[in-house]
Amino acid sequence: MGMRLLLEGPDIDQLLERVKDEHGPDALIVHAEQKLVGGLGGFFARRRFEVTVELAANPTAPDVAAVPDDPTEPDAAAVPDDPIERLLARADSQDGAGPAGPARSPAAARTAREPQPAPAPAADPVADAHGFAAVLAVSSAPVVAPAPVVAPVTPASPVRTPAHPSRAAEAALRGIGVPASLLMRAPLPPDPRLALLEVLEREAAPLPLRLVGVLAVVGPAHAAGAVAAAAVRRLGVDPAALLGAGEVAAATVASADPVRALDSLVRSRLRIHGAVVVVLESDGSRAAARQAASTCGAIDAGRTLAVLDATRSLPVLRQWVQAFESDGRPLDEIAAYDLGENPQPAGMLGLHRPVTWLDAVPATVGAWARLCLDRMLPG
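Below, the structure is looked at part by part. Bear in mind that the values here come from a model prediction, so they are computed numbers and not experimental data.

About the thresholds
- Residues numbered from 1 in each chain as written.
- Predicted model: local features only at pLDDT ≥ 70, side-chain atom pairs only at ≥ 80, totals over all residues.
- Heavy atoms only, no water.
- Helix = DSSP H or I, 4+ residues; strand = E, 2+ residues; numbered from the N terminus.
- Buried < 20%, exposed > 50% of the residue type's maximum accessible area, 1.4 Å probe, protein only.
- Areas by Shrake-Rupley, 256 points an atom, 1.4 Å probe, with all protein chains shown as cover.
- Axes fitted to C-alpha atoms, helices over the stretch in contact; angles between N-to-C directions.
- Left-handed = near helix turned anticlockwise from the far one by under 90°.
- Contact = heavy atoms within 4.5 Å.
- Nonpolar A, V, L, I, M, F, W, Y, C, P; charged D, E, K, R; others polar.
- Expected span 1.5 Å × (residues − 1).
- Polar contact = N/O pair within 3.5 Å; in protein donor to acceptor, adjacent residues only side chain to side chain.
- Pairing = 2+ DSSP bridges.
- Phe/Tyr/Trp six-rings, centres within 6.5 Å; stacked < 30°, edge-to-face > 60°.
- Parallel < 35°, antiparallel > 145°, perpendicular 65-115°, else oblique.
- Salt bridge = Lys/Arg side-chain N within 4 Å of Asp/Glu carboxyl O.
- Right-handed = clockwise from strand over helix to strand, strands pointing away.

Each helix and strand counted, the chain has 12 helices and 12 strands in total. Residue burial in the chain is summarised as follows: out of 379 residues, 43% are buried. Element-wise, carbon and sulfur atoms account for 57% of the exposed surface of the chain, whose accessible area totals about 19,100 Å².

Below is the structure:
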């Protein structure tokens, strides 16, 4: 076993880039963990990540056979050059819009149409609640000497199974914003388009099937209102259960205690309909994020959905999310608007929160694929 190093920092993607840049392909991530440090009484804690890296004791040893980029996939030449329409049809079938038939996993779908490679060592990915890190287990079989030689059987050195796609596919996915942590969770095919669909099939967040209680939709009035109206239709909630930003303002602006007035309005609507969708108007500042989180707590919102401007930089959006969650209230879902204006739309997955809406449309695999393939293959 080689030497182990412990790296830590506030951003998992930067840590993974540091592993690759400083220690090269022979470095093996054996453990990743998220921690909350600092704070007082559970509040104002900072998120920190720790990554344990094992360096190969002798990365250039001649008795270790060379390993292809992805032993669980056929060569790039054997992957059919699917047209974009076929890829989108496959994405739509993952959303339930494809032809009727038994559902198959992505691995089973590839097995049905590609030559089967030799069995590869099993991988055991381990991730935290937001899925931002992975550890790939490696195994090896003892190599027995040829029959004429009567000698003790000597086990060969462990052979690592790469978790990343080919360099070309990785560059294409990083070019549209796919976080490095998502590329290292499981082996991906060498074709960039197929690799993209594999990532989306893992990361696309399904919408809740029903709503009970209070759903708070936080964001600019126009964008948050559009998402709230779409959620009411999608969840089958009575349209009268929607409290728009205008109605919220009218009920609170003349009150000496706006939060209590809003809570009273929400309780009244909840008794009638059993579910309420309330729009809380908020800009992109951190102070507004903290105020929105406080209001969500006051009206006892069971779920919170933040509507974020996808044209803003990822670090700024992370700061908004951290400010919202600074009092301990989690952010359950994210809706991205103006995502078509972002040259790296998949970067929203780097917030490590479920993205359930794209411009007031459910964030299905097909919806993601149309945005991302357009950026990956312009023209």
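Turning next to the packing of helix α6 (residues 192-203) against helix α12 (residues 365-376). Packing of α6 against α12 brings their axes to within 10 Å, and their N-to-C directions diverge by 145 degrees. Crossing of α6 against α12: the hand is right-handed. Facing Pro192, Arg193, Leu196, Leu197, Leu200 and Glu201 of α6, the residues of α12 in contact are Val365, Trp368, Ala369, Cys372, Leu373 and Met376. Residue composition of the contact of α6 with α12, grouped by class: 10 nonpolar, no polar and two charged.

Another point: α6. Compared with an ideal rise of 1.5 Å per residue, which puts 12 residues at 16 Å, α6 spans 16 Å between its outermost C-alpha atoms and is within 8% of the ideal. Looking at α6, one finds that the buried residues are Arg193, Leu194, Ala195, Leu196, Leu197, Glu198, Val199, Leu200 and Glu201. Capping the start of α6, Asp191 holds a side-chain oxygen 2.8 Å from the backbone nitrogen of Arg193, two or three residues further along.

Looking now at the sheet that holds strand β11 (residues 355-358). With mixed pairing, seven strands are arranged side by side in an open sheet as β7-β8-β6-β9-β10-β11-β12. If you trace the sheet from one side to the other, it starts and ends with β7 (242-243) and β12 (361-362), each paired once. Judged from the two bridges that link them, β7 and strand β8 (residues 275-281) form a sheet pairing that is parallel. What sits directly across from Leu242, in β8, is Val277. Contacting β6 (213-219) and β9 (303-309), helix α11 (residues 314-324) runs over the sheet at an angle of about 155 degrees to β9.

Now for the packing of aromatic side chains. Considering all chains together, one arrives at one aromatic pair under this definition. Between Trp320 and Phe324, the ring centres sit 5.7 Å apart and the planes meet at 15 degrees, which makes this aromatic pair stacked. Here the residue Trp320 and the residue Phe324 both occupy positions in helix α11, the gap between them amounting to four residues, near one helical turn. For the pair formed by Trp320 and Phe324, the shared burial category is buried.

Bringing the environment of Pro192 into the picture now. Looking at the element boundaries, Pro192 is found in helix α6. Once the C-alpha coordinates of Pro192 and Ala168 are considered, the two residues, 24 residues apart in sequence, prove to be 7.3 Å apart. Apart from residues no more than four positions distant in its own chain, Pro192 is found in contact with Ala169, Ala172, Leu173 and Met376.

Now for the packing of helix α4 (residues 167-175) against α6. The packing of two helices is summarised by the inter-axis angle and the distance between the axes. Running from N to C, α4 and α6 point in directions that differ by 60 degrees, and their axes come no closer than 9 Å. Taken together, the axis directions place α4 and α6 in an arrangement best described as oblique. Crossing geometry of α4 relative to α6 is assigned as right-handed. For the pair α4 and α6, contact is made by Ala169, Ala172 and Leu173 and by Pro192, Ala195 and Leu196, respectively. Looking at side-chain class alone, the contact of α4 with α6 contains six nonpolar, no polar and no charged residues.

Assignment of secondary structure puts Asp11 in the loop between β1 (4-9) and α1 (12-23). With near-sequence residues (within four places) excluded, Asp11 lies in contact with Phe49 and Arg318.

A few words now on the pattern of salt bridges. Taken as a whole and judged by the stated rule, the model has eight salt bridges. The shortest N-O distance in the salt bridge between Arg303 and Glu333 comes to 2.9 Å. Here Glu333 lies in strand β10 (residues 333-337) and Arg303 lies in strand β9, a separation of 30 residues in the sequence. With a relative accessible area of 31%, Arg303 lands in the partly exposed category. By relative accessible area, Glu333 is classed as buried at 4%.

What follows deals with the environment of Pro10. Looking at where Pro10 falls in the secondary structure, it is placed in the loop between β1 and α1. On the accessibility criterion, Pro10 (56% relative accessible area) is exposed. Residues within four places of Pro10 in sequence aside, it is in contact with Arg47, Arg48 and Phe49.

Another aspect to go through is the pairing of β10. Within β10, five of the five residues are buried, which leaves the element mostly enclosed by the surrounding structure. With burial as the criterion, each face of β10 is covered, one bearing Glu333, Ala335 and Tyr337 and the other bearing Ile334 and Ala336. By the bridge criterion, five bridges tie β9 to β10 in an arrangement that is parallel. Paired with Val307 across the bridge in β10 is Ala335. Traced from β9 through α11 to β10, the parallel crossover comes out right-handed. Where β10 and β11 come together, three bridges link them in parallel fashion. Residue Ala336 lies in a different strand from β11, and its bridge partner there is Leu358.

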